[in-house]
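Coordinate inspection notes
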Amino acid sequence: MENLYRFILLITGLVHILPFSFLFFPEQLQKNYGVDMSDVNLQLLLRHRAIFFGLIGFGLIFSAIKKYFYGWASTIGLISMVSFIVLFYQIGGINQQLRSVMMIDVFVSSALFLTATFYHFLYAKRTKNSLN
C-alpha cells in the first residue's frame, strides 16, 4: 500500500511539474491552455504561476521519498487541484484545453485522495497497532 501511495505522490508531482516547464517555454502556454499570450500581463501571471506549480510538484516528489511529508504534500496537492476544479465549475464557459486540465486534476486528485485516506486512516494505523 505504501508503494502505491508513493507512486501516486510521484505522479501528482509530475502533473504539477509540467506547468512549471512553461516558465521556460512560454509559447507552450497558448498551446496547452488555449489562451491568447499576446498580452504580456497575462504571460507574466501565468509564468509566475508556473513557479508555484514547480514548488508544489517538487514538494510532492520529495514527499514520495521522505515519508515524514506525506500528509503535508497530499494536502497541498489536493488543495491545488481541487481549487482548480471548483473554479472551473464556478466560472463556466472555459475552453477545451482547460477542460482537459480539469479532467486530469479530477483523476489525479481522486487517486491521491483515495490512497492518502486509505494509507493514513487504515493502513498506517493498523501497521502502528500491530507494532505495539
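Residues numbered from 1 in each chain as written. Predicted model: local features only at pLDDT ≥ 70, side-chain atom pairs only at ≥ 80, totals over all residues. Heavy atoms only, no water.

Moving on: the environment of Ser74. Position of Ser74 relative to the elements: it lies in helix H4 (residues 70-91). Given the relative accessible area of 4%, Ser74 is considered buried. Distance in space between the C-alpha atoms of Ser74 and Ser100 is 22 Å, their sequence separation being 26 residues. Separated by 2.8 Å, the side chain of Ser74 and the backbone oxygen of Tyr70 make a polar contact. (Helix = DSSP H or I, 4+ residues; strand = E, 2+ residues; numbered from the N terminus. Buried < 20%, exposed > 50% of the residue type's maximum accessible area, 1.4 Å probe, protein only. Polar contact = N/O pair within 3.5 Å; in protein donor to acceptor, adjacent residues only side chain to side chain.)

Our focus in this paragraph is the side chain of Thr12. Looking at the secondary structure, you find Thr12 in helix H1 (residues 2-20). Of the polar contacts made by the side chain of Thr12, one reaches the backbone oxygen of Ile8; its length is 2.7 Å. Residue contacts for Thr12: discarding those within four places in its chain leaves Leu60, Met81, Val108 and Leu112. (Contact = heavy atoms within 4.5 Å.)

Attention now goes to the side chain of Glu2. Mapped onto the secondary structure, Glu2 falls in helix H1. Side chain to side chain, Glu2 and Tyr70 meet in a polar contact 2.8 Å long. Residues in contact with Glu2, not counting those within four places in the same chain, are Lys67, Tyr70, Tyr119 and Tyr123.

With that out of the way, let us pick up helix H3 (residues 40-65). If you check H3, its first and last C-alpha atoms are 38 Å apart, about what 26 residues at 1.5 Å a residue would give, namely 38 Å. Regarding H3, the residues found buried are Leu46, Ala50, Phe53, Gly54, Gly57, Leu60, Ser63 and Ala64. Buried residues along H3 sit in contact with H1, helix H2 (27-33) and H4. For H3, the N-terminal cap is Asp39; the gap from its side-chain oxygen to the backbone nitrogen of Asn41 is 2.9 Å. (Expected span 1.5 Å × (residues − 1).)

Of all residues in the protein chain, 93% have pLDDT values of 70 or greater, and the mean over the chain is 90. Highest mean pLDDT in the protein chain belongs to H4 (96); lowest belongs to helix H5 (residues 96-131) (85). (pLDDT = per-residue confidence, 0-100.)

A separate point is the pattern of salt bridges. Under the criterion given, the structure shown has two salt bridges. Among the salt bridges present, the one from Glu2 reaches Arg6, with a minimum N-O distance of 3.3 Å. One end of the pair, Glu2, and the other, Arg6, are both in helix H1, four residues apart, so they sit about a helical turn from each other. Residue classification places Glu2 among the buried positions, given a relative accessible area of 16%. A relative accessible area of 25% means that Arg6 is categorised as partly exposed. (Salt bridge = Lys/Arg side-chain N within 4 Å of Asp/Glu carboxyl O.)

In this section: the packing of H1 against H3. At their nearest, the axes of H1 and H3 sit 7 Å apart, and the two run at 160 degrees to each other. By the criterion of interaxial angle, the relationship of H1 to H3 is roughly antiparallel. When the axes of H1 and H3 are compared, the crossing they make is left-handed. Facing Arg6, Leu9, Leu10, Thr12, Gly13, Leu14, His16, Ile17, Pro19 and Phe20 of H1, the residues of H3 in contact are Ala50, Ile51, Phe53, Gly54, Ile56, Gly57, Phe58, Leu60, Ile61, Ser63, Ala64 and Ile65. Looking at side-chain class alone, the contact of H1 with H3 contains 15 nonpolar, six polar and one charged residues. (Axes fitted to C-alpha atoms, helices over the stretch in contact; angles between N-to-C directions. Parallel < 35°, antiparallel > 145°, perpendicular 65-115°, else oblique. Left-handed = near helix turned anticlockwise from the far one by under 90°. Nonpolar A, V, L, I, M, F, W, Y, C, P; charged D, E, K, R; others polar.)

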